[in-house]
Amino acid sequence: FGIDVSGVSLEDALLLPIFTRMLTQTGAGEFDMVSLSRQIGIHTGGLGGTLAMNVVSENENSVAVGSGDHMVTKLFMKGKATADKSEELFNLMKLTLTESNLDSQSKVIEMLKMSRSGLESSIQGSGHTYANMRLKSRYDASSYIEEKMSGISSLESVKSLLEAVENDWPTVLKRLENIRSTILDSSTCRDGMLLSLTGDTDVLEQIQPSVDSFLKDMPGNDSNNGGEKLMDFYKEVHPWVVQAREEMEQKNVLKDEGFIVQTQVSYVGKGGRVYEEGEEVSGSSSVVSKFLRTGYLWDYVRVIGGAYGGFCTFSPKTGYFSFLSYRDPNLSKTLDVYDGAADHLLQVADELEQRPELLETAIIGAMGEMDSSLSPDQKGWISLNRWINNESAESRQRFRDEVIGTTPEDFRVFAKRLKALKEPSVAVISSKSAFEAAAKDGKEMNLSEVV
């Protein structure tokens with residue numbers, strides 16, 4: 001069950017991750033946190049909240065790179081239950097959304113301290129993930145917002161919030177209560193609600209009365225009783241994006257950055273746009289990027305360079321491409337490897353002309369990643385996200401057909417785009433000594449200490 005959160009200001013949106021956790025961890029209604037946990041355990045197979053920011057397309061058949069300005073932002077309550085317990089599941093969803101105990105200073109302090117230590121540990125141990133988020137945040141507003149909420153930037157936010165909770169709890173509590181009143185605003189909340197159910201036909205028929213009762217009891221007015229329509233997020237710029245773009249311009253985010261942590265290895269990232277807004281992306285791009293990841297980067301970053309991992313990512317929606325390394329003993333040399341990737345692909349294209357069986361293997365590998373097995377709840381969640389994202393079956397089939405039809409020429413086209421990477425930048429998480437050594441090789445970055 002999802003409810004729209006676009007009415008929350010971007011400043012308060014940084015509180016949404018902790019607000020979402022509080023819904024099921026601080027008690028609700030007549031239940032304290034222990035009793036609520038027991039109720040969830042007794043009646044369901046799990047219940048929790050998650051924040052979703054989906055970049056959407058106005059045209060469901062579009063395969064072009066979007067602006068990143070159009071988003072659907074929702075807070076989802078996700079749960080599982082048997083058919084005979086569906087009513088209890090829906091009651092718990094309503095209870096946690098509408099009556100969760102937000103006035104729990106000690107629990108919030110505990111949660112924030114856990115978040116702080118978890119982030120510090122993750123940045124040191126999974127630095128490639130945070131380097132990639134930082135890179136992406138420089139090229140579109142939606143990625144910038146995501147990085148503020150869950151990237152390196154979020155560590156400072158968590159620290160500042162923890163200090164505020166410890167020293168000025170009434171102000172923080174007021175902000176949390178304002179978030180709840182905003183998303184449950186009776187005039188708009190109904191238009192932003194959606195419910196997705198996954199189950200066989202018999203189960204869905206059996207639980208229909210519970211569904212009807214749940215939807216009827218949720219707060220808010222429908223269109224017949226004074227309810228208002230939310231903005232059309234598929235055609236209008238999301239409110240958060242407007243403020244995010246202003247911040248991006250003020251901060252001049254497009255720059256090479258290095259983040260100093262206590263570590264003996266590096267997480268080296270470099271990225272940029274290989275496709276610009278409005279350009280169509282072929283499915284062959286996924287074959288090329290998969291080939292690059294399992295071939296060139298594996299050989300030169302992992303095997304020869306000694307890193308635990310070397311890979312690349314590509315997003316057809318944004319046109320963004322990145323190189324990444326994991327637990328890498330090198331920094332400067334790895335950046336040189338990235339710079340040689342385009343020339344390698346041009347050489348590979350000539351080899352694929354002579355050895356079509358290699359191209360066939362690459363295509364099969366890319367298709368294998370698209371067709372992994374899924375559990376029922378995963379199928380339901382993916383189907384819901386495809387619907388929100390406005391992805392049609394026709395556009396997905398077209399992408400698959402282009403994967404199957406990949407040619408050596410597609411490798412050349414992608415290589416040329418990679419060689420002309422638009423506004424490339426670097427994000428590295430490493431030690432101070434590693435950055436000093438890289439600077440001697442001419443690879444200077446704007447440094448900041450994180451942990």
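Residues numbered from 1 in each chain as written. Predicted model: local features only at pLDDT ≥ 70, side-chain atom pairs only at ≥ 80, totals over all residues. Heavy atoms only, no water.

1. So, the overall build of the protein chain
Right, on to step 1. Within the protein chain one finds 21 helices and nine strands.
Right, on to step 2. Whereas a compact globule of 451 residues would reach a radius of gyration of roughly 22 Å, the protein chain reaches 24 Å, a difference of no more than 12%.
Right, on to step 3. Along the three orthogonal principal directions, the C-alpha set of the protein chain runs to about 65 × 50 × 40 Å.
Right, on to step 4. Burial statistics for the protein chain: of 451 residues in total, 47% are counted as buried.
Right, on to step 5. Nonlocal contacts in the protein chain, meaning residues at least 24 apart in sequence, comprise 83% of its contacts between residues at least 6 apart.
Right, on to step 6. Accessible surface for the protein chain amounts to roughly 21,400 Å². Of this, 47% is attributable to carbon and sulfur atoms.
Right, on to step 7. In the protein chain, which carries 47 positive and 67 negative side-chain charges, the distance between the mean positions of the two groups comes to 4 Å. (Helix = DSSP H or I, 4+ residues; strand = E, 2+ residues; numbered from the N terminus. Rg over C-alpha atoms; globule rule 2.2 N^0.38 Å. Buried < 20%, exposed > 50% of the residue type's maximum accessible area, 1.4 Å probe, protein only. Contact = heavy atoms within 4.5 Å. Areas by Shrake-Rupley, 256 points an atom, 1.4 Å probe, with all protein chains shown as cover. Lys, Arg positive; Asp, Glu negative; His and termini not counted. Charge placed at Lys NZ, Arg CZ, Asp CG, Glu CD.)

2. A short note on the side chain of Arg273
Right, on to step 1. If you trace the backbone, Arg273 turns up in strand E5 (residues 267-273).
Right, on to step 2. Despite its burial, Arg273 remains without a salt bridge, the nearest opposite charge being carried by Glu276 at 4.6 Å.
Right, on to step 3. Polar contacts involving the side chain of Arg273 include one to the main-chain carbonyl oxygen of Tyr139, which spans 2.6 Å.
Right, on to step 4. With near-sequence residues (within four places) excluded, Arg273 lies in contact with Val65, Tyr139, Asp140, Thr318, Gly319, Tyr320, Leu421 and Lys422. (Salt bridge = Lys/Arg side-chain N within 4 Å of Asp/Glu carboxyl O. Polar contact = N/O pair within 3.5 Å; in protein donor to acceptor, adjacent residues only side chain to side chain.)

3. A few points about helix H14 (residues 296-303)
Right, on to step 1. Within the sequence span of H14, burial applies to Tyr296, Leu297 and Val301. Buried residues of H14, viewed axially, fall in a sector of 80°; they line one side.
Right, on to step 2. Elements in contact with the buried residues of H14: helix H13 (284-294), strand E6 (309-315), strand E7 (320-326), helix H15 (332-339) and helix H16 (341-354). (Arc of directions from axis to C-beta.)

4. Section: the nonpolar core
Right, on to step 1. The biggest cluster of nonpolar side chains holds 69 residues, and the ones touching the most others in it are Phe19 and Trp240.
Right, on to step 2. Each residue touching Phe19, except ones within four places of it in the same chain, is listed here: Leu75, Leu102, Leu176, Ile179, Arg180 and Ile183.
Right, on to step 3. With 45 residues, the next largest nonpolar core counts Phe321, Leu335, Leu418 and Leu421 among its residues. (Core = buried A, V, L, I, M, F, W, Y, C linked by side-chain atoms within 4.5 Å.)

5. Focus on the pairing of strand E4 (residues 257-260)
A regular strand carries its side chains on alternate faces of the sheet.
Right, on to step 1. Along E4, one buried face is formed by Glu257 and Phe259 and the opposite face, lined by Gly258 and Ile260, is buried too.
Right, on to step 2. With four bridges joining them, E4 and strand E9 (residues 446-449) adopt parallel strand pairing. Among the inter-strand pairings, Gly258 is bridged to a residue of E9, identified as Leu447. (Pairing = 2+ DSSP bridges.)

6. A few points about the sheet that holds strand E1 (residues 2-4)
Right, on to step 1. Read from one edge to the other, the open sheet built from three strands follows the order E1-E3-E2, with strand pairing classed as antiparallel. The open sheet is flanked by E1 and strand E2 (47-55), the only strands paired with a single partner. Between one strand axis and the next, the sheet turns by 25° as a mean value, whatever way the strands run.
Right, on to step 2. With nine bridges joining them, E2 and strand E3 (residues 71-79) adopt antiparallel strand pairing. Looking at E3, one finds that Leu51 is bridged to Leu75. (Axes fitted to C-alpha atoms, helices over the stretch in contact; angles between N-to-C directions.)

7. Side note on the sheet that holds strand E8 (residues 422-430)
Right, on to step 1. Read from one edge to the other, the open sheet built from six strands follows the order E6-E7-E5-E8-E4-E9, with strand pairing classed as mixed. What marks the edges here is a single partner per strand, and that holds for E6 and E9. Going across the sheet, the axis of each strand differs from the next one's by a mean of 15°, ignoring polarity.
Right, on to step 2. With five bridges connecting them, E5 and E7 associate as antiparallel partners. Paired with Gly272 across the bridge in E7 is Phe321.

8. Some thoughts on helix H18 (residues 376-389)
Right, on to step 1. Taking 1.5 Å per residue, 14 residues should reach 20 Å; H18 reaches 20 Å between its end C-alpha atoms and fits that length.
Right, on to step 2. Those residues of H18 not exposed but buried are Gly380, Leu384, Asn385, Ile388 and Asn389. An end-on view of H18 places all buried positions within 165° of arc, on one side of the element. When the buried face of H18 is taken as reference, the exposed residues oriented beyond 90 degrees from it are Pro376, Lys379 and Trp387.
Right, on to step 3. On its buried face, H18 sits against E2 and E3.
Right, on to step 4. After H18 finishes, the residue Asn390 shows a positive phi value of roughly 65°. (Expected span 1.5 Å × (residues − 1).)

9. Structural notes on the pairing of E5
Right, on to step 1. Counting buried positions along E5 gives seven out of seven residues, so the element sits mostly inside the fold.
Right, on to step 2. Here E5 shows a buried face lined by Tyr267, Gly269, Gly271 and Arg273 and a second buried face lined by Val268, Lys270 and Gly272.
Right, on to step 3. In this sheet, E8 lies alongside E5 in antiparallel orientation, the contact comprising six bridges. Looking at the pairing, Arg273 lines up with Lys422 of E8.

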